[in-house]
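The lines below spell out each chain.
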Amino acid sequence: MKVISTFHQPSSVLSSVKCNLDSSDVQHLVVAKINSLDVYSINPEGLKQICSWAVWGNILSVKAVPTGASHSNLIVLLDHPHPELVFLSYSNGVLSVTKRLELFERNQRPAEFFTDVLVHPSGKCAVAMCYTGKLKGIYLKAGLFEGDFDMSMRELTVLSLAFLPSSRPAIAILHYDHTGRVQLLARDILETDISTNPSALLHPTPIATKVLPYPEDPVPKLIPVPCPEAFLHVKGGDGEEDDSQWFIGGLLLVGGTRILLYEMVSARGQAKQSNKRRKLEKGKESGDKAEQEKAAEKQRERDTRKRKPKAAVDWPWSEITSFCALDGEPFRYLIGDSFGRLAMLSLHDVPNNGLILIPLGQTSPSTTLSYLTSQVLFVGSHAGDSQLVQISSNPLSSSNDPTLPIPSDITTVPASRLTPPRSAKGKAREEYSEPLRDCVLDVKGPFLRVIQTFKNIAPILDATLVDTDDSGHQQVVTCSGGQNTGSINVIRKGADFQQLATVHGMPHTVGVFALRRTYDDIFDSYLLVSTPQDTYAYEIKGEDALEQTESIGDASFAQGRTLAARNVQKIKIIPAVRRGPAIITPEKTEYHDTALVVQVTSNGAFLLESEMNTFTQVNDYKVPQGTQIVAASINPSQTVLALNNGKLVCLEVNGSTKALDVKRQSDTILGHREVSALSCLPLHSRLSTSDLIVVAYWQSNVVQMLQQAQDGFVSLCKTESLPAVVRSLLLYDFGAYGDSHPYLMAGLGDGSFAYFTWNDQGRTLGAAKLTSLGNLPVGFTPCLVDGKRALFAAGSRAVVLSWDRDGLQQSPVMLKEVTASAQIHSEHYESSLILANESALFIGRVKNVDKMHIRSIPLDLDVPHRIVYAPALKVFGVACTRQEPTRVGELELGPTSSFRLLDDVTFNNISQFNCEPDEEVTCVTIITLEQDDGESTPFFCVGTCTSGSEEKIPGNGRLLIFSAYPTEASRSNPQLALAASADVHGCVYAVTTVKGLIAIGVNSATMLFRLDINPSSKTCKLQKVSEMNHNYFVTSLVGYENRLLLGDRISSISVLEVSDDYKLQTLGKDLSPLGPVSLEAVDLNHLIVANDTLNLISFTFDKATRKLDRDGFYQQADLINKFVRGAVATPDAGSKFAPIQLFFTASGRIGVITDITDRQLSLDLTDLQRNIVNTTEGGHMHTTFRTPQTSARRRMVENAFGFLDGDLLEEVLTASAAQLSRIAEGTNEHERLKRPVEEFQQLLKTLQALH
């Protein structure tokens, strides 16, 4: 059984709408992603998310529904698992479902070009289209669903729909007719149907093919344009107005080579059309056959008559993907294309000026635009970051470059024509007085400024999992984007370390301690830095200055390695107040401020006093001759020493004599076992003393909890033997005051750490849990992160431990090989950490625990689509494709392709190979060959495809082998060199390595090549050693040991074996029409597949029957482009969850597939998921949502099995007590859970930590 969890939620934006969801003055922006709606309030400082609504389905669009009051409700169109409309209302920060309307119809063909829902401006009706020739009409009242009816249309191939801007519901239809012409017409919406005759509100007209080329170019769109208010006021008279002087509303047709504006028919024109229609109907109904034929011919002539648009302007750029209207009049529309070019279309004075197109600048390629307020625009994107963009009324720079490139064959008009200069006279003045009409303005400089960005990593085309700095922290690197926003994204989850200062020239530091002038001072003023041989004291002089302190005579800090140091308080005993035998006030201990510091070395403990930036030794405690201090710990009032003879000594400062007094010691409980680590720090930092001492021992690796008694130490409890020697200890409370979460932390010498829950009342320890941080000993430093208590743990790697989601959370920090650490709170570095490595000290703060960190490297038009990592060379190999934007209707230029090496830290382009014209890189992998001298040499294997303009199936391709060697000029930057190549007859769709060979998929064939290196000349040669041709299109190949997993895009999957003599043999094959998109091996006998109907399928290869048995089938509802073996987090030893795969989707989702290693736990979690579904309102929709589907019509085939929904299971962690009770009991006695809900919660916290 496997669990599917989400590491990164989908980030692609599909739709958006601005509205007011409540009766307040705050406006809202609703953003639709594939599986959720995000609601933001629009504030002067930007967008603020206020709620989110998740859905078991795939969202297509969202629309606002006016309620008639001051606010709106929402309609959401889903297309998976079935077409459905969901009606939502907003109240008290929550979106609630008021109605679900199923749109599914059996045996209907899905609409090819247009699937959407439209809401009439009045808010009284809506129309949805999901199937060919079918419309669903919806009655609305006060923003709520009232009723629905079905409508059938004659128009089958619909390109776009739009409500006409009239009080009478009528819908404009842009479609292909049976002759292949594009036609525009309108039909009235009746009470329960759609009119059979075209509406009189709009003249039917064909659209010229030179405006809307077919079928190579994009789908056009219709935009309704309301009637100006001024005309409505004039029209209030007798209706005899001159319509030619007014624009009475209409439709914009966008998406072609020109933008066309068609005006609606005036009332006078509608009456005229009605008279003509009556005459035609009369002729058709007459008994005279000649009259009938004449009427039919007249009807055909009217239907095919080309109407002249009211206005038209050239569109200079690529496919139009989004548009929105600006608020108020004059009417203006923002229009964006697929490459992020944004322009404003002005309809200021249509009768005189027509359409004026004004370039504004560049944004992300938009899927949706929503104008917010005050010239601020939301740009939602699928292929780039979504943005808040401010539109300036003036250029933002004085550049003479055009705002956007405009083809030379399009005539432009200078922007200065809009405002004639005062000095213009005579003919010049006359030139400016000529009205501008249907033109594109020539403007200079950008008008757009990005004020807020929302990170998007969709679509993910390829990905890899790497550890570039050998820190042990895995990072995901993706190939993302499209059009003009190609990018490499480096993704990790953890904490940020904000470096504030660096102090160089501090080698071999093993200890660092921050000191104040007096205990009660707010800020630290000194640093004590220890090496294995010596100790140095520095005064913190400023933000970037340290100055070594002066000593008085020889009585400064003791020499040698410092084991511990800190400011201390003096103790004052207030005697009890008695009255006779009765105690009125009990004895109490007070702790007072001092300027004293305790330093501990192996020779003793030293008491120093700070005065005038110097430290003077005032007392010491020397260990007996022949013994040494091996471990020490200091709290504000106590110093605890462990000697190498097994003794434990506790010292306290005598405030009156300024002396270190021995308060208790023991040589009986500890015997003669040498201590490896100890801690006496109090559980709560506000305390000045502790009655608990934690010690650990060499050899036994046992941690023991001691309590201080009058004459010594009493053992409370101890742990089992840990896997390695303990080198650091800390008893620490991760909770705030009144919300205690105490733990005992033990840093081990093998680079791991153990942690135990601590019951402070019962004085008992819980079971040990282990986490590895590499191989260096682990140390702990308390810290504050974003105002919360946390613990910094460092060895070879570093993590921050904090309490969140009812558990101890570990957040990786991108630091490695920290040799010492301490808290520092100085005037210039408040609430910071000071860390040491082998050469320097650096100061910084830990921020944003458990945050997703995404670093984007923009490549613009060079869209990366394949990536591999070569650790030996410290470079990424990236295949990029560049598609230059072209104007709609023009011949699209062929893409150019390249393969480049990028540095794994800076991502600078080190070397690049450019492919031949019409050649494109399709796949990349790495093969490492062992040479005779034992040296390993990595080679990049690159598959390409060359397509001719007339070829339907690629006829040629190449397998290219690149070496990467450092040059004399730059030894750190390897350069690409073509080492070998082989021409093949077809496209190289896939490449992988198996048994030291290179396997490629070429159209229907699978080929094996051997790469040979000549030892003397160091030249390479490719030799084909095997070929199998039993498939249709081999688009996926995965090598695992001696096996090849093969994905046939038309058919299914196969398992091949490579014999010792390089022969390919089919071991097993799935015979179902699977349509695999991507696949990956789990191990030698298990594999996982994603197909084109968005399913996840797992298979097990049965050696005995030589069959592929399907053991998992699950609807992921997202297109998975890539699987990667590995995990972003390492499970604890003995964990019942083993993350095995990551997957990456077109919507930007990153998922984690986790194997449940315990069979009984698999069954119990299956029962838990069943109970969650059965006891949750609408839970049956989850079952439908996850049911696998097949064919383009998405027909359900069988219930999901073999996979569990981890996101659904983890809802148990946030469920209320009442919900948990219902889940535990189920719907009947047989559904009662076999484990306590609390145990499930602990298990799911473990699962949650893995993603």
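About the thresholds
- Residues numbered from 1 in each chain as written.
- Predicted model: local features only at pLDDT ≥ 70, side-chain atom pairs only at ≥ 80, totals over all residues.
- Heavy atoms only, no water.
- Helix = DSSP H or I, 4+ residues; strand = E, 2+ residues; numbered from the N terminus.
- Buried < 20%, exposed > 50% of the residue type's maximum accessible area, 1.4 Å probe, protein only.
- Contact = heavy atoms within 4.5 Å.
- Areas by Shrake-Rupley, 256 points an atom, 1.4 Å probe, with all protein chains shown as cover.
- Lys, Arg positive; Asp, Glu negative; His and termini not counted.
- Charge placed at Lys NZ, Arg CZ, Asp CG, Glu CD.
- pLDDT = per-residue confidence, 0-100.
- Pairing = 2+ DSSP bridges.
- Salt bridge = Lys/Arg side-chain N within 4 Å of Asp/Glu carboxyl O.
- Phe/Tyr/Trp six-rings, centres within 6.5 Å; stacked < 30°, edge-to-face > 60°.
- Disulfide = S-S within 2.5 Å.
- Axes fitted to C-alpha atoms, helices over the stretch in contact; angles between N-to-C directions.
- Core = buried A, V, L, I, M, F, W, Y, C linked by side-chain atoms within 4.5 Å.
- Expected span 1.5 Å × (residues − 1).
- Polar contact = N/O pair within 3.5 Å; in protein donor to acceptor, adjacent residues only side chain to side chain.
- Parallel < 35°, antiparallel > 145°, perpendicular 65-115°, else oblique.
- Left-handed = near helix turned anticlockwise from the far one by under 90°.
- Nonpolar A, V, L, I, M, F, W, Y, C, P; charged D, E, K, R; others polar.

Engineer: In this structure, what is going on with the overall build of the protein chain? I would like to understand it.
Structural biologist: Helix and strand counts for the protein chain stand at 10 helices and 94 strands. Projected onto its principal axes, the C-alpha positions of the protein chain cover 130 × 85 × 80 Å. Within the protein chain, buried positions represent 54% of all 1251 residues. Residue pairs at least 24 apart in sequence account for 55% of intrachain contacts in the protein chain once pairs closer than 6 positions are excluded. Roughly 54500 Å² of accessible area belongs to the protein chain as shown, and the carbon and sulfur atoms make up 48% of that amount. Of the charged side chains in the protein chain, 118 are positive and 139 negative; the average position of the first set lies 5 Å away from that of the second.

Engineer: What exactly am I supposed to notice about the confidence of the model for the protein chain here?
Structural biologist: Any segment with low pLDDT has predicted coordinates that should not be analysed in fine detail. Predicted confidence across the protein chain gives a mean pLDDT of 88, with 94% of residues reaching 70 or more. Confidence drops under a pLDDT of 50 for residues 236-241, and excluding neighbours within four residues, the segment shows five contacts in the predicted structure.

Engineer: How do you make sense of the pairing of strand β81 (residues 1034-1040) when you look at a structure like this?
Structural biologist: Every other side chain in a regular strand lies on the same face of the sheet, so the side chains alternate between the two faces. Of all the seven residues making up β81, five are buried; the element is thus mostly covered by neighbouring parts of the structure. Strand direction decides the pairing type here: β81 and strand β82 (residues 1043-1048), joined by six bridges, are antiparallel. Bridge pairing in β82 places V1034 opposite D1048.

Engineer: Is there a simple way to think about the pattern of salt bridges in this case?
Structural biologist: When their charged atoms lie close together, side chains carrying opposite charge are able to pair. With the rule as written, the count across this model stands at 44 salt bridges. The residue D904 makes a salt bridge to K874 at a minimum N-O spacing of 3.6 Å. Of the two residues, D904 sits in the loop between β71 (896-903) and β72 (909-914) while K874 sits in the loop between β69 (862-870) and β70 (875-882), which places them 30 residues apart along the sequence. With relative accessibility at 7%, the residue D904 sits in the buried group.

Engineer: When you look at the packing of aromatic side chains in this model, what are you seeing that I'm missing?
Structural biologist: For the structure shown, the criterion picks out 23 aromatic pairs. Ring geometry for F497 and F842: centres 6.2 Å apart, planes at 85°, overall edge-to-face. Taken together, the residues F497 in strand β35 (residues 486-504) and F842 in strand β68 (residues 840-860) connect sequence positions 345 residues apart. Summarising the burial analysis for this pair, F497 and F842 share the class buried.

Engineer: How should the state of the cysteines be read in this particular structure?
Structural biologist: Each disulfide is one covalent bond, formed between the sulfur atoms of two cysteines. Per the counting criterion, the structure on display carries zero disulfides. Take C915: it sits in no disulfide, and the sulfur closest to it among the cysteines is that of C880, at 11 Å. Judged by relative accessible area, C915 falls into the buried class, the value being 13%. The thiol sulfur of C987 is not disulfide-bonded, and the nearest other cysteine sulfur, from C945, lies at 3.5 Å.

Engineer: Quick question: what am I supposed to make of the pairing of strand β21 (residues 258-263) here?
Structural biologist: In terms of burial, β21 is largely enclosed, as five of its six residues are buried. Counting the residues between successive antiparallel strands, the hairpin from strand β20 (residues 250-254) to β21 contains three residues, one of them, G255, with a positive phi of roughly 115°. The pairing of β21 with strand β22 (residues 311-314) spans four bridges and is classified as antiparallel. Residue pairing in the sheet places L260 in a bridge with A312 of β22.

Engineer: What exactly am I supposed to notice about the sheet that holds strand β30 (residues 412-414) here?
Structural biologist: Picture the strands of a sheet paired through backbone hydrogen bonds; they go either parallel or antiparallel. Across the sheet, which stays open at both edges, the six strands sit in the order β23-β24-β25-β26-β31-β30 with mixed pairing between neighbours. Whereas interior strands pair on both sides, the edge strands pair on one side only; in this sheet they are β23 (320-325) and β30. For this sheet, the mean inter-axis angle between neighbouring strands, taken without regard to orientation, is 30°. Direction of pairing for strand β24 (residues 331-337) relative to strand β25 (residues 341-347): antiparallel, over a ladder of six bridges. Counterpart to Y333 in the pairing with β25 is L345.

Engineer: I'm lost on the sheet that holds strand β78 (residues 997-1002) in this one. Help?
Structural biologist: The strand order across the open sheet formed by four strands is β77-β78-β79-β80, and the pairing between neighbours is antiparallel. For this open sheet the edge positions go to β77 (988-994) and β80 (1020-1028), each flanked by a neighbour on one side alone. With direction set aside, neighbouring strand axes in the sheet form an average angle of 25°. Both strand β79 (residues 1005-1013) and β80 contribute to a ladder of eight bridges, which runs antiparallel. Within β80, the position partnered with L1011 by the bridge is L1022.

Engineer: What is the right way to read the nonpolar core from this model?
Structural biologist: Burial of nonpolar side chains together is a common tendency in soluble globular proteins. Of all hydrophobic cores here, the largest spans 25 residues; its most connected members are L252, I259, L261, W315, L345, L347 and L355. Of all elements in the fold, only β19 (221-225), β20, β21, β22, β24 and β25 reach the threshold of two or more residues within this core. Apart from the residues within four sequence positions on either side, L355 is in contact with L252, I259, L261, A311, A312, V313, L345, S346, L347, R437, D438 and C439. In this structure, V3, V1212, V1237 and L1244 belong to the second largest nonpolar core, which totals 24 residues.

Engineer: What is the right way to look at helix α6 (residues 1159-1175) in this model?
Structural biologist: Here α6 is 17 residues long and its end C-alpha atoms lie 25 Å apart, about the 24 Å a rise of 1.5 Å per residue gives. Among all positions of α6, only L1161, S1162, D1164, L1165, D1167, L1168, Q1169, N1171, I1172 and V1173 are buried. Taking the backbone nitrogen of Q1160 as reference, a side-chain oxygen 3.1 Å away marks D1158 as the first, capping residue of α6.

Engineer: What should I look at first to understand the side chain of K2 in this one?
Structural biologist: Structurally, K2 is set in strand β1 (residues 2-8). As a buried residue without a salt bridge, K2 has its nearest oppositely charged side chain in D1155, at a separation of 4.6 Å.

Engineer: Looking at this structure, I do not really get the environment of S5. What am I missing?
Structural biologist: Relative to the helices and strands, S5 is located in strand β1. Judged by its relative accessible area of 1%, S5 is buried. Separated by 1203 residues in the primary sequence, S5 and L1208 place their C-alpha atoms 8.8 Å from one another. With residues near it in sequence (within four places) discarded, S5 still touches I1150, G1151, V1152, G1206, D1207, E1210, L1247 and H1251.

Engineer: How do you make sense of unusual backbone geometry when you look at a structure like this?
Structural biologist: Excluding glycine, a negative phi dihedral is what most residues carry, and trans is how most peptide bonds are arranged. Residue P81 is reached from H80 by a cis peptide bond, and omega for that bond is 5°. Examined against the element boundaries, P81 turns out to sit in the loop between β7 (72-80) and β8 (84-91). Of note, the bond from A458 into P459 is cis; its omega dihedral lies within 30 degrees of zero at -15°. Of note, P459 is situated in the loop between β32 (448-454) and β33 (460-466). In this structure, N848 is a non-glycine residue whose phi angle is positive, near 50°. By the element assignment, N848 lies in strand β68. You can call N848 partly exposed: its relative accessible area is 26%.

Engineer: Mind showing me how you'd approach the packing of α6 against helix α10 (residues 1237-1248) here?
Structural biologist: Closest axis-to-axis distance for the α6/α10 pair is 12 Å, and the angle between their directions is 105°. Taken together, the axes of α6 and α10 lie roughly perpendicular to each other. Note on element contacts: α10 touches α6 through F1240, L1243 and L1244, opposite L1161, D1164, L1165 and L1168.

Engineer: Just to check I follow, could you spell out the packing of α6 against helix α9 (residues 1217-1225) for this structure?
Structural biologist: Relative orientation and spacing of two packed helices are given, respectively, by the angle between their axes and the distance between those axes. Between α6 and α9, the least distance of the axes is 8 Å, while the angle of their chain directions is 120°. Overall, the two elements α6 and α9 adopt an arrangement that is oblique. For the pair α6 and α9, the crossing hand works out as right-handed. In this structure, α6 contributes L1168, N1171, I1172 and T1175 to the contact, and α9 contributes R1222, I1223 and A1224. A per-class count over the contact of α6 with α9 returns four nonpolar, two polar and one charged.

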